[in-house]
Each structure stands twice: as C-alpha cells, then as structure tokens.
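Residue-level structure breakdown
Each chain, written out:
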Amino acid sequence: MGGSKQYIYDFDKGDGKNKMLLGGKGANLCEMTQIGLNVPPGFTITTEACLAYLEKNQLPDGLMDAVKTHIQALEKKTGKGFGSGKNPLLVSVRSGSSMSMPGMMDTILNLGLNESSLQGLIKLTANERFAYDTYRRFIQLFGKIALDISDEHFDKHMTAVKRKFGALQDVDLKTEHLQEVAAGFMEIVQRHTGKPFPQDPYEQLEIAVGAVFHSWMGKRAVDYRKQFKITRDMANGTAVNVCTMVFGNMGNDSATGVGFTRNPGTGENIIYGEYLTNAQGEDVVAGIRTPKAISEMETEMPEIYRQLIELRDRLESHYQEVQDFEFTIEKGILYCLQTRNGKMNARAMVRTSVEMFNAGLITRERALLRIDPAILEQLLVPQLAPNFRGKSLAQGLPASPGAASGKIVFDADTAEIRGRAGEKIILVREETKPEDIHGFFQAEGILTSRGGKTSHAAVVARGMGKPCVSGCEQIVINDALRSAQIGETTLHEGDVITINGGTGHVYAGEVPTVHAEFSQEMATLLSWADEVSRLKVMANADTPNDAARAREFGAMGIGLCRTERMFNSTDRLPIVQEMILAETTEARQAALDRLLPIQRADFKGIFKAMKGLPVTVRLLDPPMHEFLPTAAQLELEIAHLHQLRDTIKGLEELPDTLKMLNPKLYQQYADGLTKLMGGLSDFKESHLEEDVISKKEVVLKKVRALAEVNPMLGHRGVRLGITYPEIYSMQIRAVLEAAALCAKEGLEIHPEIMVPQVATVEELKRIHSYVQRIHAEVKATQGIDVKFKFGSMLEVVRACMRAGRMAETAEFFSFGTNDLTQATFSFSREDAENKFLPAYTETGILEDNPFEVLDIKGVGQLMKMAVQKGRATNPELKVGICGEHGGHPGSIRFCHHVGLNYVSCSGPRVPIARLAAAQAKLLEDKYQEPV
Ligand code: PEP
Ligand code: MG
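Not measured: the values here are computed from a predicted model.

1. A word on the overall build of the protein
Along the backbone of the protein there are 35 helices and 33 strands. Dimensions of the protein along its principal axes, counting C-alpha atoms only, are 105 × 90 × 55 Å. Across the 931 residues that make up the protein, the buried fraction comes to 53%. Within the protein, contacts between residues separated by at least 24 positions form 69% of all contacts whose residues are at least 6 apart in sequence. Approximately 40,300 Å² of the protein is accessible, and the part contributed by carbon and sulfur atoms is 51%. Separation between the mean location of the 107 positive side-chain charges and that of the 118 negative ones in the protein comes to 3 Å.

Spelled out as structure tokens, the structure:
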C-alpha cells in the first residue's frame, strides 16, 4: 500500500461495479470471480496508482511492497512459486481502463520466466517444447513492451530460424529450434539494452507495471481517446491486472479462444467465436494461424463445449448484455480470462435488443438504452446491388458488414494521407496491428489476407462500422512491390476494388451499391422508442420523393421543406430567373403566375405523401443572386462571345481577301469556303445574335446590382418577402390552394407556413397579414377554410430576444440552429469548418464543431430563453428545431430537456433521432446541462 491509499485489490475482493478505479477488465475479473466463474486467481492495481505514476514518472512509494504481498498470497493460493525452479508461478500483466480500448494499451504474458523457472516449467509439464515456446514468446513481448525493442528484430530472427529448419508455421518448430530462437532473442535484448534480460521476476514485474501505466499516454492510446472522444471523466488512467497464467498450449487437451455470447455481425442467438488447440491467446488475435469456429468444438471437445455454453449463459444472464469473452482450456479445464460487453454492429445491436427483451433477459428500457443511436447510421451502409452477379476475385471471411469500393493502399500511413486528400481507400494488409489505427479512420474498408473474424482488423472495423474482409488467403501481398497477387490477377496500389464485408467477397473495380432496408427488428425497436418519447421526430424534406422516403424512416411529419430547392430544378430555373430579372411588378407577377401552378403541384405531392401529418413549408430563404450565374462566369461568357464574333467576322472577309491575293487558290477552295461560310452563318444566327450577348449583359447588370458583400446577412429570407411581397404571396397561395385541393380530395392535411430569417416582430406581422389576406381569398375561390399554422424560424439572435412578442403572432417556432450558430459565434457556416475550426477543436478551444454538435453553453442558452419567453406568452406554443443539430443525439437530449415539441432532421437520420428522443425521455432525470 502506498501512503493511506489502497492501490491493490484481489479479484475476490474488488468492487466489480467500480470500473473507474479497477478498469473494465479488472472490475469484470472481480465480478466473475465473485459470482463463481472459473477465473485464474490474481489482483488489480488501480487506475489511481497509474495516475500517481504518471504524475511523478515513477511507481508510487510502497507499491512494489504491496505487489509482493499479493504475489505471495497468489503463491499460497496456487501452490506455485514466483520464479520457482520447481513449480513456477507465471502471470499475465494486462492493461484495462474503464472504457474499452481494444488493443490500444499493452499486455505482457508469461511474466516470471527466467532461466530457473524455465527449468521448473519443463519439469512440471514434462513438455520441454512448450516451455521453450512460452519462454521465447515472453522474451519477445517483454522486449517489445517493457524494453522498447521493435518487433521486427525478433520477427527477423524467428523467420531465419524457421527458414533454417524448413518450418512453415511456428507449430512446426521443434524444441531445439525454439531454444535457438530464445537464445537469439536474449542476444537481441543484450544488444539493444546493453544489459542481460532481467532474471529477477519482481524486477520484471516492476518494469512491466510501469510500462503498462506508461502506455496510457502512448500515441496509440491518446489518438484513440481523441478519435472516440473518451474524456477524463469517462476513463482516467489504466489499471493493471496481474493474473495467474493458464496455458492453452499444453497439448491437444488445451486450447485458447475468444467467444461472443451471440453473433456480433448478425445478432443471431448462437455462440460465436474461434479457438485454436494447443495455442496461446495472442495466436488467435494476431491471426498467425487461422482458427477454427467454436461450433467445431462440439465434436472435438464435447464436454468443454457444454461447459462453454453454460459459461455463455451465465455471463449473459449476469451482465444482461452480449459478452465478448476470452477463455483458455488448460489440460481439460476451462478458465474464463476476461469478459466485456460485446462490440456489435448496428444490426446485431438492434436484433439482440429485441430478442433479449422477448426472452425476458432485459427490460424494454434497457433494450432502448443499450444502443448508441449514432450507430444506427451503419444500417444505411451500402450493400452490393442485389442484382449484381459479377464474379469475385477472391473470398475471405465476412468480418464486418457493408460494401465499400476504393483504391488499394498497402499501409496505414499512405491510407491516412490519401484518405485525408479525399480519395476513397481500401486498406489492404496481410494483417493489421493496433498501430495501423490511423489508416482505419481514413479507409472505406479493410481487407486482410490473414486472421480470423476476431482478428484485430475485424474487431476494429466492426467497432467503426466499416466493411472488412479478413483472412482472404488467396491474396498474396508484396509490400515491397506494392502489389498483390490473386491467382493470375495482379493488383497495384491505386487499383480500385470492392469488398463485401457481409459475404467476404472481393471484386475488381467499383461495384454498384444500394442502401440497406430496415429489418423487422428495427421497426419493432423504433416503435418502442416512439411509445416512450415525448419529442416528435420530423424530417427535412423538399420533394414528394424525399417526403415518401422520410415517411419510410418513420418521420412524423415534415419540419422543414426548403422551397428554394424546388426553384432550382432545371425546368423552373428559367422562370425563376425571369422573375428576378423583371423590371416591373407586372412582369414579375407574370413570371410568378407561371410558377404558381408548379409550386402548387409540388405542395400537393408533398401533402399527399405526408397525409395526416404536419408539413412545414418555409417561404423563400436564399438571396436572389443564388439563382443567377455569377458575375465572373457571365463576364467570361460575354468575352468569349465577343471573341467568337470577331473571329467569324474575319473569316467572312477571308474569301474576298483570298480572291484578291491569289485568284487561283481562291478558285480551288471556293466550294469548300462557300460551305464553311454557310455553316458559320447558321452558327452565328443561333449563338451570336446581338440579342444573346445583350441578354447576358442584362443578366450581368442585375447580378452586379444584387451583389452584396455579406449575402448571408443580406437581402434574403423575410427581407425578400417584405421587399417583393408578390413572391411570398405566390408561395403562400400555392400552399393554401394545394391544401384546399387535397382537402377536397378528402385527404387529411396539416400545412404550416414558416418565415425564415425573422428579426423583428413587425416583419412577422407583415407576412402574417399577407397570409390572412390570401387565406380569405382561397376560402372564397375554393370554398374551403383551410386550417393551417403560421410560425417563425428562430435563427437570428434578435428573434430569440424578442421571442415573447413573436409568440403573439407565431403559433410555432423552429430553431434554425445552422444560422443561429453562425450568428451566435459570428463564424461563417460556409467557411469556418475548412479554415480555423479544426484547429479550434484539436487544441481544445472548442470541444466540438458547433455546426455539428449543438453549442449548449451558448446557442442552447438562447434557445432556452426563447422557449421560456415564447411559452410565457403562449403556453401552447409549438417549438422545434430544424438545423442539422436536430439529428444529433446529444443535441436532441438538450432539446428534450428545454421542452421542445419536435426535432426535424434529414430523412436517414430520422431513425437515429427517434431512438435518441426515447433515450432523452428515459434519462431525463439524470440529465445535466453542461456549464
Ligand atoms: C438553419 O439555419 O438552421 C436552417 C434550418 O435553415 P438553412 O440551413 O436552410 O439556412
Ligand atoms: Mg437558416
């Protein structure tokens, strides 16, 4: 014990719930021991000891004395001796923080081996080969992790020995070969450290514990925490678990493996995993030998298989969660070495939630809460087009579902560089290691030629929701030539391939993909979510097609229909431009009269697609110049046209000039010239009429007149509606007439008209007066009193400040948090993300990109105030959000907290928002607003 602090807990004493102190692995080892599972005895050194180490860069005072006491207790429990030449106690030293960070920190196995205990191990097991195999593994691992010697030195020597004795695999090496390996490894250590390999097991342990603590701040681990936003209150330091070694490589009644209590790729309720007989843990994960499926164990070791199924059932019913566990069988005895919640893809999470609830294992609440809404996005991962019948180049293991195409890249650094440059990349490796993680982030998918479905590549890709094909052994990779051979085919770096992580197939070139369809389980889960939530989830959709799709995703209405998107389609743009260029109100009205039936038809289509549900139509928002070409483009076109006209003029004069200079030559070419001139004059008529140029000049003049230094703060939104009342009037009429026509057809419709960019109460009142006038007119002409709502976007800071008065006119508010964020920070939403924002988030000035994650501390406070002021005027006021944040789970939680009625987001995010809305309700009592 160091000072008064207890830094060490035995597995049978530690609090299995205290993951912050003991790390996830340590807490689970304690928990498993205490519920009676067969865990090899050991103890956990706490994360507090790690923090103390990191502070002073040395182990806390007294820690090693305490370690010694606990090792002595282990010796007693196991009847073995640490460093003993007769019956040696060997231990594993494993890292483990409160958040699972697979492969990110270091682990050392077989610690305690030295020249004397090696002899003990030989005597004990009567298996010299096994002992030397264990010894050489330990020297390499210890050398790499504790003494910082690169793997490649050890690998080189290993390969040389294998070659010398003609061994293909490690298992082909005989005792004397392994002795040669171990001796060589010792020399490598001596050469690199200038000292012999440490023989005192306590010294080994001290160095190892320090190395594991140190790995918490290693680049790999730091990058990982940054990428997955693991903050200090989620995980602070790593614990160290010291656990008695058990051996899966003690003969054919020994084995080691990893298991999932259910299939992590599909969620199917069946034990899933892999094992290797006569092997140690890292052989399975590293993919050195391709392991066998657990199902084979049923025939190979039926009694152990039965015990394994029992272990699986106990783990699941205890943890009420799918478990990812490691086991070892030593001479016919099954040990559980580790368990943690299984990382699964979205499909598996959804299926297991529904099935575990149906089996009575978990509550409905837990079924909803155990899924991170963001991962549902994976359900939209593209799949290969179902009608695609192309022949694959090769097939490996389906390690993480989804299809991806991209250019082949053979190493993680290149993947990072090319991926960041915007290229679509498939990372192709023999096998991946934790240090390749940065390549994963940038890759569309991963392909490995070695390793199973639980290899590093597979586990990491699954966690990230990226497609992965592993163990594709037909591929022979030549890193030096930067090429890969599959049968007759040679693939070079930069060649495009497609992988299907759902089947394991690899195809040459880019294969067409389609989006996944929702499963029945997904529909069930989201229906549970809807029963729980208070927030409604709407979609942002602008066309009847989008609306129909949004409905399939379960949208409960349209929260934002941006009408400008309708203006932009090619058949309407000329009419819109005519309207903009009109010099008089009459001319503008004439263009608007042509637009009216088109808009009316649009709205009818959307109302029909969303029948029975509210549809919020936002009046025109962007500045008008967005519908015209840019000045630069027009200037260029006009200059070209002038140039062309001059050239043609020159050509027209050519025959006369030629006749004068060389009548003979003229005669010869006369026919051809006449033809050419004819063609030119046709061309001139169609392209170079004075009219065409002058029309462009008129447009240019208009574009220059409309130009603004700050268009986003300029003549747009409601300001257009005020200065050109006829534009908004046309749109309002189109909405109300479409609604009347639908109502006549017997459709239930709930139109809402929303005004963008409102800053003053008077603006809103003005537009409201148009609405009232047109409503009365439509009522008179259509004979129907259309029921609708009138509301305002709140996306200008002043509008939030004036929300109380706004609510006198508006029946609803919708926060446009894209513009509101821009306005609150004074950050341009067009430029900030490409300029300074990355530096802001990387250096911690901002925690997140505020255009992605709602800035609760700033923008959120404005929202909160506006809701309070608005509801003080009108307690029935409906309030929602339609900026991008409406689809972001964390932001949705805040929206629930401040009492919004709905969130609106893009169609594909609707399922995420539905789940997030349910979680917001379920967790409302625990909500803490960031301050
Ligand atoms: C907003 O500003 O948040 C919004 C929804 O409107 P737009 O993105 O169209 O400006
Ligand atoms: Mg806006």
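2. A closer look at the side chain of serine 729
Relative to the helices and strands, serine 729 is located in helix α27 (residues 725–744). Since its relative accessible area comes to 10%, serine 729 is described here as buried. Beyond its immediate sequence surroundings of up to four residues, serine 729 is in contact with Tyr770, Arg773 and Ile774.

3. Focus on the coordination of the magnesium ion (ligand 2)
Distances from the magnesium ion (ligand 2) to its protein donors, namely Glu795 (OE) and Asp819 (OD), fall within the range 2.0 to 2.1 Å. Residue glutamate 795 is found in the loop between β30 (789–794) and α29 (797–801), and its partner aspartate 819 is found in helix α31 (residues 817–825); the two are separated by 24 residues along the sequence. With respect to class, glutamate 795 is no different from aspartate 819; both count as buried.

4. Observations concerning the nonpolar core
Among the nonpolar cores identified, the biggest contains 109 residues, and Ile732, Phe815, Met863 and Leu900 are the most heavily contacted of them. Broken down by element, the residue count for this core peaks at eleven residues, all from α27. Leave out the neighbours within four places in its chain, and phenylalanine 815 touches Leu794, Cys800, Leu820, Met863, Ala866, Val867, Val879, Gly880, Ile881, Cys882, Gly883 and Leu900. Counting 83 residues, the second-largest nonpolar core is a separate cluster that includes Val67, Phe82, Ile108 and Ile446.

5. Considerations on the pattern of salt bridges
Counted under the stated rule, the structure contains 51 salt bridges. Between aspartate 133 and arginine 137 there is a salt bridge, and its shortest N-O distance comes to 3.0 Å. Taken together, the residues aspartate 133 and arginine 137, both in helix α5 (residues 128–145) and four residues apart, mark about one turn of the helix. The salt bridge partner of lysine 219 is aspartate 223, with a shortest N-O separation of 2.7 Å. One end of the pair, lysine 219, and the other, aspartate 223, are both in helix α9 (residues 219–227), four residues apart, so they sit about a helical turn from each other. For aspartate 223, a relative accessible area of 27% gives the class partly exposed. Counted as one network, the salt bridges with shared partners bring together Glu564, Arg618, Asp621, Arg716, Asp819 and Arg829.

6. Notes on the pairing of strand β9 (residues 272–277)
One face of the sheet, then the other: side chains in a regular strand alternate in exactly this way. Most of β9 is tucked away, with six of its six residues classed as buried. Alternating positions in β9 separate into two faces, Tyr272, Glu274 and Leu276 on one and Gly273, Tyr275 and Thr277 on the other, with burial throughout. Pairing between strand β8 (residues 255–260) and β9: six bridges, direction antiparallel. From the neighbouring strand, glycine 259 faces β9, where its bridge partner is glycine 273.

7. Some thoughts on the packing of helix α2 (residues 47–56) against helix α8 (residues 201–215)
Between α2 and α8, the shortest axis-to-axis distance is 9 Å and the interhelical angle comes to 85°. Our classification of the angle between α2 and α8 gives roughly perpendicular. Residues Ala49, Cys50, Tyr53 and Leu54 of α2 form the contact with α8, whose own contacting residues are Gly210, Phe213 and His214. Residue classes in the contact of α2 with α8 are distributed as five nonpolar, two polar and no charged.

8. Focus: the sheet that holds strand β2 (residues 42–45)
The strand order across the open sheet built from five strands is β1-β2-β7-β5-β6, with neighbouring strands paired in antiparallel fashion. With partners counted over all chains shown, the strands left at the sheet margins are β1 (8–10) and β6 (107–111), one partner each. For this sheet, the mean inter-axis angle between neighbouring strands, taken without regard to orientation, is 20°. Here strand β5 (residues 91–96) runs beside β6; their pairing, made up of three bridges, is antiparallel. Residue pairing for β6: valine 91 is matched across the bridge by leucine 111.

9. So, the packing of aromatic side chains
One pass over the structure, following the stated rule, counts 18 aromatic pairs. With a centroid separation of 5.7 Å and 45° between ring planes, the pair formed by tyrosine 53 and phenylalanine 213 is classed as tilted. Here tyrosine 53, found in helix α2, pairs with phenylalanine 213, found in helix α8; they are 160 residues apart in sequence, far enough to count as distant. For the pair shown, tyrosine 53 and phenylalanine 213 are each scored as buried. Centroid distance phenylalanine 325 to phenylalanine 327: 6.1 Å. Interplanar angle 40°. Geometry classified as tilted.

10. As for the environment of serine 405
Position of serine 405 among the secondary structure elements: in strand β16 (residues 403–409). C-alpha of serine 405 to C-alpha of glutamate 444: the two residues are 39 residues apart in sequence and 7.1 Å apart in space. Look past the residues within four positions of serine 405 in its chain and what remains in contact with it is Lys424, Ile426, Glu444, Ile497, Thr498, Glu510 and Val511. Reaching out from serine 405, the side chain makes a polar contact with the side chain of threonine 498 at a distance of 2.8 Å.

11. Observations concerning the site of ligand 1
As a matter of local geometry, ligand 1 sits amid 13 residues, with Arg562, Arg618, Gly816, Asn818 and Arg829 nearest to it. In this structure, asparagine 818 approaches ligand 1 through a main-chain N or O atom, which is 2.7 Å from an oxygen atom. Aspartate 819 has a polar backbone atom sitting 3.0 Å from an oxygen atom of ligand 1. Those elements that provide at least two residues to the shell around ligand 1 are β27 (558–562) and α31. The dominant element in the shell around ligand 1, judged by the number of residues it contributes, is α31, at three residues.

12. A closer look at the pairing of strand β32 (residues 878–881)
Residues Lys878 and Gly880 of β32 are buried on one face, and the alternating residues Val879 and Ile881, pointing to the opposite face, are buried as well. Of the pairings in the sheet, the one linking strand β31 (residues 812–815) to β32 comprises four bridges and is parallel in character. When the bridges of β32 are listed, phenylalanine 813 appears paired with valine 879. With two bridges joining them, β32 and strand β33 (residues 902–906) adopt parallel strand pairing. Within β33, the position partnered with isoleucine 881 by the bridge is valine 903. A crossover connection joins β32 to the parallel β33 through helix α34 (residues 889–897); in handedness this β-α-β unit is right-handed.

13. Thoughts on unusual backbone geometry
The residue aspartate 148 is not glycine, and still its phi comes out positive at about 65°. Locating aspartate 148 in the fold gives a position in the loop between α5 and α6 (151–165). Overall, the relative accessible area of 69% leaves aspartate 148 in the exposed class. For glutamine 320, which is not a glycine, the phi torsion comes out positive at approximately 50°.

14. Some remarks on the UniProt feature "active site" (unreviewed entry) in the protein
Residues annotated in UniProt with the feature "active site" (unreviewed entry) correspond here to His456 and Cys882. Of the residues just listed, which span 427 residues, the most distant C-alpha pair is 40.0 Å apart, and they do not cluster in one region. Take histidine 456: it is sitting in helix α17 (residues 456–464). Not counting the four nearest positions on each side in its chain, cysteine 882 is found in contact with Asn540, Gly559, Leu560, Met754, Met793, Ser814, Phe815, Gly816 and Ser904.

15. Thoughts on the environment of proline 398
Structurally, the position occupied by proline 398 is in strand β15 (residues 397–400). Counting along the chain gives 104 residues from proline 398 to glycine 502, while the straight-line C-alpha distance between them is 5.1 Å.

16. Concerning the packing of α27 against helix α28 (residues 761–782)
Relative orientation of the contacting elements α27 and α28 amounts to 40°, with a least axis distance of 9 Å. In terms of axis orientation, α27 runs oblique to α28. Every pair of crossing elements has a handedness; the one defined by α27 and α28 is right-handed. Here α27 contributes Pro725, Tyr728, Ser729, Ile732, Arg733, Leu736, Glu737, Ala740, Leu741 and Lys744 to the contact with α28, which in turn contributes Ile767, Tyr770, Val771, Arg773, Ile774, His775, Glu777, Val778 and Gln782.

Thresholds, definitions, all that
Residues numbered from 1 in each chain as written. Chains lettered and ligands numbered in written order. Predicted model: local features only at pLDDT ≥ 70, side-chain atom pairs only at ≥ 80, totals over all residues. Heavy atoms only, no water. Helix = DSSP H or I, 4+ residues; strand = E, 2+ residues; numbered from the N terminus. Buried < 20%, exposed > 50% of the residue type's maximum accessible area, 1.4 Å probe, protein only. Contact = heavy atoms within 4.5 Å. Areas by Shrake-Rupley, 256 points an atom, 1.4 Å probe, with all protein chains shown as cover. Lys, Arg positive; Asp, Glu negative; His and termini not counted. Charge placed at Lys NZ, Arg CZ, Asp CG, Glu CD. Donors = N, O, S within 2.8 Å, 3.2 Å for Na, K, Ca; no water. Core = buried A, V, L, I, M, F, W, Y, C linked by side-chain atoms within 4.5 Å. Salt bridge = Lys/Arg side-chain N within 4 Å of Asp/Glu carboxyl O. Pairing = 2+ DSSP bridges. Axes fitted to C-alpha atoms, helices over the stretch in contact; angles between N-to-C directions. Parallel < 35°, antiparallel > 145°, perpendicular 65-115°, else oblique. Nonpolar A, V, L, I, M, F, W, Y, C, P; charged D, E, K, R; others polar. Phe/Tyr/Trp six-rings, centres within 6.5 Å; stacked < 30°, edge-to-face > 60°. Polar contact = N/O pair within 3.5 Å; in protein donor to acceptor, adjacent residues only side chain to side chain. Near = heavy atom within 4 Å. Right-handed = clockwise from strand over helix to strand, strands pointing away. UniProt positions renumbered as here; feature names shortened; annotations may be inferred. Left-handed = near helix turned anticlockwise from the far one by under 90°.

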